[in-house]
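What follows is the residue order along each chain.
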Amino acid sequence: MINPVHLRTLLEVIAHRSFATAAARLGYTASAVSQQMTALERAAGTTLFLRGARSITPTPAALRMVRHAKRVLTDIDALMADVATAEADTSEREEIRVGIFPSLAAYALPQLLAAEDWPALGINLRLWIGEPQQTVAGLGAGGDLDLALIFQVGPGGLSWPANLSRTWLGDDQFRVVIPASWPMSDDSTLSLDQLAQWPWIMHHPGASDATLIARLFASYNIHPQVAAYCDDFEASLNLVAAGFGAALVPDLAMARAPEGLRLVDAPEIRLARSIFALMPDQAAKPKASLVLDRLAQVLDRHPTVR
């Protein structure tokens, strides 16, 4: 019988073409991931990966399994959420305190609260909307939060207490956004020279994304002309629409994009922020897990966050 845990691991391995990267994202060792994939191959009765000295290549069977696995895991998540809802004691309401970063809050919370069965879940939701550093602090010793939704850009720059469980929810890709009024054909691919010549709307130095974005530009010897510093993506998008400059904006924030923008392809600009949920290992509230399940379902429906 195929283990759903192995299917989730398969999705990570296929997404990143690496046992080591999948292991880092899921909190396993690379050896454990390799063993899971071997067990999955045994259960499926087919070869899923061609293993080289320093690389792995998915077989057609693996790619086909991924398509089915996504549907199966979505159904399992829906089943577990439905069971949790059925077993929830709606006679007593429970306060769940959630920390969440602004662009995820703006995208996901309206959908969460608009669900027909939300009033019957018996949840009084209290929100702390802020940057990851603020919400992680709320989960530490003496913190007030039951659940924190954070993002991390790159492997470092953010830490959290060891007694928290971590769940990866998806990767939010950054896009290069320019004013629609700028002369450029829809099928154009940007050159490094063009990126260097444009005025840019950038994060304030020291902000959550600023260091990684600065390093990305610096790695290509690009020293952007900064027209504005802004940490609010909605404000940045409106400045772009007004013709003020270009910006790097994550997909979640694009849900509130105004008219007058254009997304352009820049092959060198490959940057994403990984979205995680953090919860206390002990004394976790059952309905906090239910809130997390619902938020995960909302993200699963997003067309590009994976």
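Structure: see above.
This one's a predicted model, so the numbers in the text were calculated from it and none came from an experiment. Within each chain, residue numbers correspond to sequence positions counted from 1 in written order. This being a predicted model, a pLDDT of at least 70 is required before a residue's local features are given, and a value of 80 or more before pairs of side-chain atoms are given or counted; all residues contribute to the totals for chains, interfaces and linings. Only hydrogens and water are set aside; all other atoms, that is, all heavy atoms of the structure, feed into the side-chain values.

Asker: I keep staring at the packing of helix 5 (residues 102–114) against helix 10 (residues 286–300) and nothing clicks. Help me out?
Answerer: The relative placement of two packed helices comes down to the angle between their axes together with the axis-to-axis distance. Every angle, taken between N-to-C directions, lies between 0 and 180 degrees, and every axis is a line fitted to C-alpha atoms, over only the stretch in contact when it is a helix. A run of DSSP states H or I qualifies as a helix once it reaches four residues; a run of E qualifies as a strand once it reaches two. Both are numbered from the N-terminal end. It is at 10 Å that the axes of helix 5 and helix 10 come closest, and there the two elements cross at 110°. Classed by the angle they form, the pair helix 5 and helix 10 counts as roughly perpendicular. Only Val291, Arg294, Leu295, Val298 and Leu299 of helix 10 make contact with helix 5, whose side of the interface consists of Leu104, Tyr107, Ala108, Leu109, Gln111 and Leu112. Gly is placed with the polar residues, together with every amino acid not listed as nonpolar (Ala, Val, Leu, Ile, Met, Phe, Trp, Tyr, Cys and Pro) or charged (Asp, Glu, Lys and Arg). A breakdown of the residues in the contact of helix 5 with helix 10 according to their chemical character gives nine nonpolar, one polar and one charged. For classification purposes, angles smaller than 35 degrees are called roughly parallel, those larger than 145 roughly antiparallel, those between 65 and 115 roughly perpendicular, and all remaining angles oblique. We call two residues contacting when some pair of their heavy atoms lies within 4.5 Å.

Asker: Help me out: how do you make sense of the environment of Ala296 in this one?
Answerer: Its place among the elements puts Ala296 in helix 10. For Ala296, a relative accessible area of 19% translates into the label buried. Sequence spacing of Ala296 and Ala277 is 19 residues, and the spatial spacing of their C-alpha atoms is 9.3 Å. For every residue, the accessible area obtained with a 1.4 Å probe (protein chains only) is divided by the maximum for its type, and the residue is called buried under 20%, exposed over 50%, and partly exposed between those limits.

Asker: Explanation requested: unusual backbone geometry in the structure shown.
Answerer: As a rule of thumb, non-glycine residues mostly have phi less than zero, and peptide bonds are mostly trans rather than cis. Even without being a glycine, Arg17 presents a positive backbone phi close to 50°. Secondary-structure assignment places Arg17 in the loop between helix 1 (4–16) and helix 2 (19–26). Residue classification places Arg17 among the partly exposed residues on the basis of a relative accessible area of 44%.

Asker: Explanation requested: helix 9 (residues 233–241) in the structure shown.
Answerer: The α-helix winds at 3.6 residues per turn, so residues separated by three or four positions along the chain end up facing the same way. Along helix 9, the positions that sit buried rather than exposed are Phe233, Ser236, Leu237 and Val240. Viewed end-on, helix 9 has its buried residues packed into an arc of 100°, placing them on one side of the element. Each element contacted by the buried residues of helix 9 is listed here: strand 6 (164–179), strand 7 (199–202), strand 9 (246–250), strand 10 (261–264) and strand 11 (272–280). Polar contacts here mean pairs of N or O atoms no more than 3.5 Å apart (in protein, one a potential hydrogen donor and the other a potential acceptor; neighbouring residues in sequence count only if both atoms are side-chain atoms). Measuring from the backbone nitrogen of Glu234 back to the side-chain oxygen at the start of helix 9 gives 3.0 Å, which picks out Asp232 as the cap. Note on helix 9: the residue one or two positions beyond its end, Gly243, has a positive phi of about 90°. Directions from the helix axis toward the C-beta atoms define the arc.

Asker: I keep staring at the nonpolar core and nothing clicks. Help me out?
Answerer: Side chains that are nonpolar tend, in soluble globular proteins, to be buried together. Take the buried residues of types Ala, Val, Leu, Ile, Met, Phe, Trp, Tyr and Cys, join any two whose side-chain atoms come within 4.5 Å, and each joined set is a nonpolar core. Leu104, Leu149, Val176, Trp198 and Trp200 are the most contacted members of the largest nonpolar core, which totals 62 residues. Considering every element that reaches this core, the biggest residue donor is helix 10, with eight residues. In this structure, Leu7, Ile14, Leu40 and Leu48 belong to the second largest nonpolar core, which totals 18 residues.

Read these as spatial facts, not as claims about activity.
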